[in-house]
Amino acid sequence: MAVRYEVTHRTEYRYEADVSDSYGQLHLLPRNLPGQRCHTAEVVVDPIPDDYRERLDYFGNRVSYLAIHCPHRALTVTATSIVAVEDRRDGLSLFGDRPWEQARDAVRDGQGLDPLDAVQCVLNSPLVQSSGAFADYAATTFTPGRPVLDAVTDICHRIHADFEYESGSTSVRTPLDEVFAQRKGVCQDFAHVGIACLRSIGLPARYVSGYLETDPPPDRPKLKGADASHAWMSVLVPQAGWLDVDPTNNRLANNRYVVTAYGRDYGDVPPMSGVIYTAGKTESLRVSVDVVAVPG
């Protein structure tokens with residue numbers, strides 16, 4: 001069953017001195033996909049940009065570009081969208097019993113898929129490097145003949161159990177080997193660890209950026225702005241498609257997950273990135289996200 005969401009992502013920057021120019025690139029608008037339909041999407045920027053454009057990037061993601069040339073000490077970007085999402089677990093029985101080695105070998109042989117799509121997600125990327133350590137970690141799960149769905153679900157469960165979620169314990173510059181050694185991080189780190197494990201045994205895996213509808217504590221109302229952007233991973237099974245799994249929450253992606261972008265790793269699809277020209281520093285940064293189910 002499809003669920004319809006209103007997603008609001010608001011980012012506020014404040015600077016200690018005038019910024020003369022700002023240039024930004026945004027991955028904030030949901031994709032149109034099988035099982036996901038973006039009905040409306042809008043980005044509002046204050047101050048009003050001198051230049052604003054939207055395009056599709058190499059991976060088919062919706063990307064916004066902005067440039068502001070007037071002096072400013074604050075910048076606010078608000079992305080609002082209405083998107084309907086179906087349960088991504090539908091149809092898993094079509095390929096879940098296939099031994100994982102068959103999926104790996106089909107990728108090597110280029111069977112039934114776009115070879116470029118597979119190759120770019122099985123090779124190393126700037127933030128995710130395959131290694132013997134990741135292959136050894138995966139080997140405990142990917143035993144001979146094990147069904148691919150069973151194995152992928154189990155590696156997701158192990159990362160969830162073995163790694164501690166600790167906000168602020170890492171940054172986008174923390175090397176993945178360090179994350180793996182300290183066994184703690186945040187959702188983007190857990191996605192990177194899973195991707196490294198899968199690539200190290202020959203399975204194509206990609207990084208998924210988006211949103212997850214969250215529940216408030218029992219008997220408590222949902223707080224406005226309490227949601228957050230989220231990240232998970234996806235593994236390619238030839239002749240069947242991509243299987244999305246979330247190691248942070250130990251589950252298969254369902255109709256509570258909204259996809260904004262796919263990439264090789266976080267570096268391809270940060271929600272916001274850019275350059276500012278100023279003599280001062282960023283004084284504060286505030287991000288609020290709301291993912292609310294709406295009638296439709």
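Everything that follows concerns the structure shown earlier in this document.
None of these values were measured; they are calculated from a predicted model.

## Some thoughts on the overall build of the chain
Line of reasoning, step 1. Looking only at helices and strands, the chain features 6 helices and 14 strands.
Line of reasoning, step 2. By the compact-globule yardstick of 19 Å for 296 residues, the chain fits well, its C-alpha radius of gyration being 20 Å.
Line of reasoning, step 3. With the C-alpha coordinates aligned to their principal axes, the bounding extent of the chain is approximately 60 × 45 × 40 Å.
Line of reasoning, step 4. With 296 residues in all, the chain has 51% of them scored as buried.

## Describing the layout of surface pockets
Line of reasoning, step 1. Space inside the largest pocket adds up to approximately 950 Å³.
Line of reasoning, step 2. Elements that contribute at least two residues to the lining of the largest pocket include exactly β1 (3–26), α6 (187–200), β8 (205–212), β9 (229–237) and β14 (282–293).
Line of reasoning, step 3. Classifying every residue of the lining of the largest pocket by side-chain character gives 16 nonpolar, 13 polar and 2 charged.

## Quick notes on the state of the cysteines
Line of reasoning, step 1. A complete count under the given rule lists 0 disulfides for this structure.
Line of reasoning, step 2. Of the cysteine sulfurs around Cys-187, a residue in no disulfide, the closest is that of Cys-156, at 13 Å.
Line of reasoning, step 3. Lacking any disulfide linkage, Cys-197 is separated from the closest cysteine sulfur, that of Cys-156, by 11 Å.

## Some details on the pairing of β1
Line of reasoning, step 1. In this structure, β1 lies alongside strand β5 (residues 72–85), joined through 13 bridges in antiparallel fashion. Bridge pairing in β5 links Arg-4 to Ala-84.
Line of reasoning, step 2. Of the strand pairs in this sheet, β1 and β14 are connected by 11 bridges, and their pairing is antiparallel. What sits directly across from Tyr-13, in β14, is Leu-285.

## Here we look at the environment of Thr-278
Line of reasoning, step 1. Position of Thr-278 among the secondary structure elements: in strand β13 (residues 272–278).
Line of reasoning, step 2. Judged by its relative accessible area of 27%, Thr-278 falls in the partly exposed class.
Line of reasoning, step 3. The spacing of Thr-278 and Ala-79 is 199 residues in sequence and 25 Å in space, taken between C-alpha atoms.
Line of reasoning, step 4. Setting aside chain neighbours within four positions, we find Thr-278 in contact with Ala-17, Asp-18 and Val-19.
Line of reasoning, step 5. There is a polar contact of 2.9 Å between the side chain of Thr-278 and the backbone oxygen of Asp-18.

## Considering unusual backbone geometry
Line of reasoning, step 1. The omega torsion across Asp-46 and Pro-47 is 5°, close enough to zero to call that bond cis.
Line of reasoning, step 2. On the secondary structure map, Pro-47 appears in the loop between β2 (36–46) and β3 (51–56).
Line of reasoning, step 3. Even without being glycine, Arg-183 reaches a positive phi, approximately 60°.
Line of reasoning, step 4. Secondary-structure assignment places Arg-183 in the loop between α5 (176–182) and β7 (184–185).
Line of reasoning, step 5. Phi at Asn-250 is positive, roughly 55°, even though this residue is not glycine.
Line of reasoning, step 6. With respect to the secondary-structure elements, Asn-250 resides in the loop between β10 (241–246) and β11 (251–252).

## Here we look at the pattern of salt bridges
Line of reasoning, step 1. Under the counting rule described, the total for this entry stands at 9 salt bridges.
Line of reasoning, step 2. Arg-53 serves as the salt-bridge partner of Asp-51, at 2.7 Å between the closest nitrogen and oxygen.
Line of reasoning, step 3. Residue Asp-51 is classed as partly exposed on the basis of its relative accessible area, which comes to 21%.
Line of reasoning, step 4. Where Asp-105 meets Arg-104, a salt bridge forms, and the shortest distance between an N and an O atom there is 3.0 Å.

The rules behind the values
Residues numbered from 1 in each chain as written. Predicted model: local features only at pLDDT ≥ 70, side-chain atom pairs only at ≥ 80, totals over all residues. Heavy atoms only, no water. Helix = DSSP H or I, 4+ residues; strand = E, 2+ residues; numbered from the N terminus. Rg over C-alpha atoms; globule rule 2.2 N^0.38 Å. Buried < 20%, exposed > 50% of the residue type's maximum accessible area, 1.4 Å probe, protein only. 1 Å grid on protein atoms, 1.4 Å probe; cavity = no way out; pocket = protein on both sides within 12 Å on 5 of 7 lines; lining within 4 Å. Points joined across faces, edges and corners; volume = space filled by probe spheres on them. Nonpolar A, V, L, I, M, F, W, Y, C, P; charged D, E, K, R; others polar. Disulfide = S-S within 2.5 Å. Pairing = 2+ DSSP bridges. Contact = heavy atoms within 4.5 Å. Polar contact = N/O pair within 3.5 Å; in protein donor to acceptor, adjacent residues only side chain to side chain. Salt bridge = Lys/Arg side-chain N within 4 Å of Asp/Glu carboxyl O.

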